[in-house]
Amino acid sequence: MAISEGPCHRRLVLCAQATYLGELYERLEELEASTAEQSLRARRMLRELRFTREMIDAPVSTLSGGWRTRLSLARCLFAAPDVLLLDEPTNHIDLRGALWLQHQLLSEEWARLITVCVSHDRAFLDAICTDVIVFADKRLTYHHCSYGGYLDGESQAASRNASHAAAVGKQVDKQKAFIAKQKAAGSSTKKAADDNKLRQAKEREKKLERLSYTRESGGRFKTHSLAKVGVHALPDKVGSAQRRQPVLRFSLPQPTGYRGPDGIPALTFDHVSFTYSAATPSCPAPAGSSDGLDPVIASSAPAGIPAVAGTGRPVLSAVTLQLGLGSRVAIVGQNGAGKTTLVELIAGNLTASAGEVRRHHSLRIATVSQHQTERLRHHLDKTAVDFVMDELRENVGGGGGGGGEGAGGWEGMRVKPQDMLNYLGGFGLSGDLATIPIGMLSGGQKARLTLARTMWDHPHLLILDEPTNHLDSDALEALQLALGGFQGGIVAVSHSADFLASFSKELWIVDRARVSIHHTENEADFDAAYSQYCDTILAEFSLG
């Protein structure tokens, strides 16, 4: 029997379709509202990372590597995942970006997020971690504590093991003396051999092999329990259970050829200002003064530098500072505040728009930046030895960026490959690392190669621009120790608090075209000044 399709049926169909269409419109309105809300949330998150309106609306392909890193972090958090995996997340972002990520991970919104983070930034780890997993000697060890708590525990274990090792050492010496005495008595030619004394000596030798094995709790393994475990399960000995010393060690070549009088700064800024401009007239330097400092006054920035967009305001204004061979300076500031401009002015790569820059005529300045490491991409087929020697040939007679007599020059032309191998070995690039293609080196090894090339000129003032990127914990600790023994001046731009605190005596904060200088007496003073600056940034996030 056919179903009637009369007027009543058609009305029912139209009514059902109208109801369904109404539901669709309601859903579309909900989606549009949700999309608008999500768009506002995304823009707010990007603005907190200092993205401008133009950068937010521009194609991602126009962003630099550092901004793409920030965008990746924002995208991951915006997706609201259950598990977040972070591999060196603070690389290529500034201090504000690192603090923003820290603030987000600690906020109530992300309280239930499981985060697994690999990083060498100790301050960042200490702020966000509740557990620490240590991967060493092909084993994982778990510690339910903050990263700072883990380091304190390692230090306490090292002290405890050192005391235990000393006590074990005395026991070992005592047992060895007993064994030697029993063997001598058992094999004496004056009387028949005493088998009992030889047996006692053999038993003591077996105990001696196990004497220094300890449990993780500090207790000793019982003799019978050792027979129940395989060799692979044997614990570490007391001596090796102490905190591992850094595997990598290197020293920096000391500065040479500086002939400045004692007490006179090597470089001074007197009310220096800088504004980017398209016009770049050069200004010849006047004759040097009697104190060995050459005054340099100029009216504009070098050619090829874009102007500050539509503002005309100086990037740096009325900056006054001094630098010498004993200076230890940490520079911090937000992106765009003028840190890079300040560093370029110090290095002599930019000319001041106003004010006076005075530098000693024999001063050599060298800069190590992350861009130099990235430049190695064009030399991946070369070995480390060939790369440095080719660089020296291309820069015959050249010194550091600040002028003066280069320590490389023709001396670099006369260097032999074996001499270069020895030199690179001083930076932890020994053996095959110096003779394999650069493309096979790790990021940290490439960073050390860049440092080795820069230090060939024996600079008096070393500028480090984000040197902790690409370095693992061992390489970072080795660099800190090397900087501690360097007798020249150091200026570092970094967002790693532990790295800066290891050598810095001054904290320069670049903000609103000004440079505020904070002198510190010790590491605790520096930590206090640095923490106060970080607190001001975190307060902005809390208010935002």
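Refer to the preceding data block for the structure.
So, how was this worked out
- Residues numbered from 1 in each chain as written.
- Predicted model: local features only at pLDDT ≥ 70, side-chain atom pairs only at ≥ 80, totals over all residues.
- Heavy atoms only, no water.
- Buried < 20%, exposed > 50% of the residue type's maximum accessible area, 1.4 Å probe, protein only.
- Helix = DSSP H or I, 4+ residues; strand = E, 2+ residues; numbered from the N terminus.
- Pairing = 2+ DSSP bridges.
- Salt bridge = Lys/Arg side-chain N within 4 Å of Asp/Glu carboxyl O.
- Axes fitted to C-alpha atoms, helices over the stretch in contact; angles between N-to-C directions.
- Contact = heavy atoms within 4.5 Å.
- Expected span 1.5 Å × (residues − 1).
- Polar contact = N/O pair within 3.5 Å; in protein donor to acceptor, adjacent residues only side chain to side chain.
- Core = buried A, V, L, I, M, F, W, Y, C linked by side-chain atoms within 4.5 Å.
- Phe/Tyr/Trp six-rings, centres within 6.5 Å; stacked < 30°, edge-to-face > 60°.
- Disulfide = S-S within 2.5 Å.
- Patch = residues over 30% accessible without salt bridge, like charges linked within 9 Å, V, L, I, M, F, W, Y side chains within 5 Å.
- Areas by Shrake-Rupley, 256 points an atom, 1.4 Å probe, with all protein chains shown as cover.
- Lys, Arg positive; Asp, Glu negative; His and termini not counted.
- Charge placed at Lys NZ, Arg CZ, Asp CG, Glu CD.
- Parallel < 35°, antiparallel > 145°, perpendicular 65-115°, else oblique.
- Nonpolar A, V, L, I, M, F, W, Y, C, P; charged D, E, K, R; others polar.

(A) The pairing of strand 12 (residues 489-493), seen in detail. Burial analysis of strand 12 places 5 of its 5 residues in the buried class, which makes it a mostly covered element. Burial of strand 12 is two-sided: the residues Gly489, Val491 and Val493 facing one way and the residues Ile490 and Ala492 facing the other way are all buried. Bridge count between strand 8 (residues 328-333) and strand 12: 4 bridges; the pairing is parallel. By the bridge assignment, Ala330 is partnered in strand 12 with Ala492. Both strand 11 (residues 461-465) and strand 12 contribute to a ladder of 5 bridges, which runs parallel.

(B) Local environment of the pattern of salt bridges. The full count for this structure, using the stated rule, is 9 salt bridges. Where Arg358 meets Glu356, a salt bridge forms, and the shortest distance between an N and an O atom there is 3.5 Å. Residue Arg358 is classed as buried on the basis of its relative accessible area, which comes to 19%. Residue Arg453 pairs with Asp457 through a salt bridge whose shortest N-O separation is 3.7 Å.

(C) A look at the sheet that holds strand 12. What the 6 strands build is an open sheet, ordered 10-11-12-8-13-14; its pairing is mixed. Since the sheet does not close on itself, it has two edges, and those belong to strand 10 (365-369) and strand 14 (514-519), each with one partner. Across the sheet, the mean angle separating the axes of adjacent strands is 20° when strand polarity is ignored. Sitting on the sheet, helix 10 (residues 339-347) is in contact with strand 8, strand 10, strand 11, strand 12, strand 13 (506-511) and strand 14, with an inclination near 145° to strand 8.

(D) Spatial organisation of helix 4 (residues 95-106). For helix 4, spanning 12 residues, the distance from its first C-alpha to its last is 17 Å, which sits close to the expected 16 Å at 1.5 Å a residue. Among the 12 residues in helix 4, 10 count as buried, and that is most of the element. Residues of helix 4 that are buried: Leu95, Arg96, Gly97, Ala98, Leu99, Trp100, Leu101, Gln102, Gln104 and Leu105.

(E) Here's a closer look at the environment of His143. With respect to the element layout, His143 can be found in strand 4 (residues 139-143). Overall, the relative accessible area of 25% leaves His143 in the partly exposed class. Residues His143 and Gly153, spaced 10 residues apart in sequence, show a C-alpha to C-alpha distance of 9.6 Å. The contact partners of His143, leaving out residues within four places of it in the chain, are Asp131, Val132, Val134 and Tyr150. Looking at His143, its side chain comes within polar contact range of the side chain of Thr141, at 3.4 Å.

(F) Region of the structure containing unusual backbone geometry. Even without a glycine there, the phi angle at His458 is positive, about 50°. What makes His458 partly exposed here is its relative accessible area of 24%. A positive phi angle, close to 50°, is found at Glu466, a residue other than glycine. Relative to the elements of secondary structure, Glu466 occurs in the loop between strand 11 and helix 16 (473-484). Judged by its relative accessible area of 11%, Glu466 is buried.

(G) Spotlight on the nonpolar core. Ranked by internal contacts, the top residues of the largest apolar core, which has 86 residues, are Leu252, Met420 and Leu424. It is helix 18 (residues 523-543) that contributes the most residues to this core, 7 residues altogether. Setting aside its immediate chain neighbours within four residues, Leu424 contacts Ala384, Val385, Val388, Leu429, Ala434, Leu449 and Ala452. Counting residues in each nonpolar core, the second largest holds 29 residues, with Ala266, Leu342, Leu345 and Ala347 among its members.

(H) View of the packing of aromatic side chains. Tallied over the entire structure, the rule returns 7 aromatic pairs. Between Tyr147 and Tyr150 the ring centres are 5.9 Å apart and the planes differ by 35°, which places this aromatic pair in the tilted class. A residue pair is termed a helical-turn pair when its members lie 3 or 4 positions apart in one helix, as Tyr147 and Tyr150 do in helix 6 (residues 147-186) at 3 residues. Tyr150 shares its class with Tyr147; the two are buried.

(I) Structural context of the environment of Ile436. Mapped onto the elements, Ile436 comes out in the loop between helix 14 (417-425) and helix 15 (443-455). Along the backbone, Ile436 and Lys382 are 54 residues apart, and their C-alpha atoms lie at a distance of 7.9 Å. The residues touching Ile436, leaving out its near neighbours within four places in the chain, are Lys382, Thr383, Ala384 and Leu441.

(J) Focus on the state of the cysteines. Applying the stated rule across the entire model yields 0 disulfides. Cys129 supplies the cysteine sulfur nearest to Cys145, a cysteine that is in no disulfide, at a spacing of 9.4 Å. The class for Cys145 is partly exposed, based on a relative accessible area of 23%.

(K) Molecular detail of a negative patch on the surface. The grouping of Asp126, Asp152, Asp498, Glu523 and Asp527 at the surface amounts to a negative patch. If you trace the backbone, Asp126 turns up in helix 5 (residues 122-128). Taking the relative accessible area as the measure of exposure, Asp126 reaches 38% and is therefore partly exposed.

(L) Broad picture of the packing of helix 12 (residues 384-394) against helix 14. Where helix 12 meets helix 14, the closest approach of the two axes is 10 Å, and the angle between their N-to-C directions is 110°. Comparing their axes, helix 14 and helix 12 come out roughly perpendicular. Contacts from Ala384, Val385, Val388, Met389 and Leu392 in helix 12 reach Pro417, Met420, Leu421 and Leu424 in helix 14. Considering only residue class, the contact of helix 12 with helix 14 consists of 9 nonpolar, no polar and no charged.

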